[in-house]
Amino acid sequence: MAVSDECKLKFQDLKAKRSFRFITFKINEQTQQVVVDKLGQPGDTYADFAATMPEGECRYAVFDFDFVTDENCQKSKIFFISWYADFAATIPPLIVLFFLSTSTLKLAGCRSPDTSRTRSKMLYASSKDRFKRELDGIQVELQATDPSEMSMDIVKSRAL
């Protein structure tokens, strides 16, 4: 999976210049490339970020989280968030075995909406580590399948 140069440049702007509060990324399946989806302005909140995560679609995201430690020190950590459902629980074992044995997902031309979502989840899950390596400076990783798994309480506890 290729990563667009814009992804790397915008991440550097977030990290070094704090030009953005967050960036969401999506995979363009036609070009087989990770691209920038949305940019959060420096004044945006975590609630603004959470509201951008689409229901029923996968995304990667980085969020620049500012917080105060128990020692009253101002800190910041960059979170990498994988937003996708747990696909292993939703795919019949035979399809998983087929996928693992061929390294490509070919379901005999069957492309129902459920199959498309499953294919997308598998594509995001299998591309995550490669994409994350392109973003030097990630401090915390979080995987979420619904909003409760990336609540502010969870983010705060992972930051400390």
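This one's a predicted model, so the numbers in the text were calculated from it and none came from an experiment.

Trainee: Tell me what's going on with the overall build of the protein, and back it up with residues and numbers.
Mentor: Scanning the protein from N- to C-terminus turns up 5 helices and 6 strands. Looking at the protein residue by residue over its 160 residues, the buried ones come to 37%. Within the protein, residue pairs in contact and separated by at least 24 positions form 61% of the contacts whose partners lie at least 6 positions apart. Approximately 8,900 Å² of the protein is accessible, and the part contributed by carbon and sulfur atoms is 52%.

Trainee: Describe unusual backbone geometry, with residues and values.
Mentor: Of note in the backbone geometry, arginine 18 takes a positive phi value of approximately 55 degrees without being a glycine. Along the chain, arginine 18 turns up in the loop between α1 (5-17) and β2 (22-28). The partly exposed category is assigned to arginine 18, whose relative accessible area is 36%. Even without glycine at this site, glutamine 32 takes up a positive phi of about 55 degrees.

Trainee: Break down the packing of aromatic side chains for me, citing the residues and quoting the values.
Mentor: If you walk through the whole model with that rule in mind, you get 12 aromatic pairs. Here the aromatic rings of phenylalanine 25 and phenylalanine 131 are separated by 4.9 Å at their centres, their planes lie at 70 degrees, and the arrangement is edge-to-face. Of this pair, phenylalanine 25 sits in strand β2 while phenylalanine 131 sits in helix α4 (residues 113-134), and the two are 106 residues apart along the sequence. Comparing phenylalanine 25 with phenylalanine 131 shows no difference in burial state: the two are buried. Connected via pairs of aromatic rings, a cluster forms that spans Phe22, Tyr46, Phe49, Phe63, Phe65, Phe67 and Phe79.

Parameters at a glance
Residues numbered from 1 in each chain as written. Predicted model: local features only at pLDDT ≥ 70, side-chain atom pairs only at ≥ 80, totals over all residues. Heavy atoms only, no water. Helix = DSSP H or I, 4+ residues; strand = E, 2+ residues; numbered from the N terminus. Buried < 20%, exposed > 50% of the residue type's maximum accessible area, 1.4 Å probe, protein only. Contact = heavy atoms within 4.5 Å. Areas by Shrake-Rupley, 256 points an atom, 1.4 Å probe, with all protein chains shown as cover. Phe/Tyr/Trp six-rings, centres within 6.5 Å; stacked < 30°, edge-to-face > 60°.

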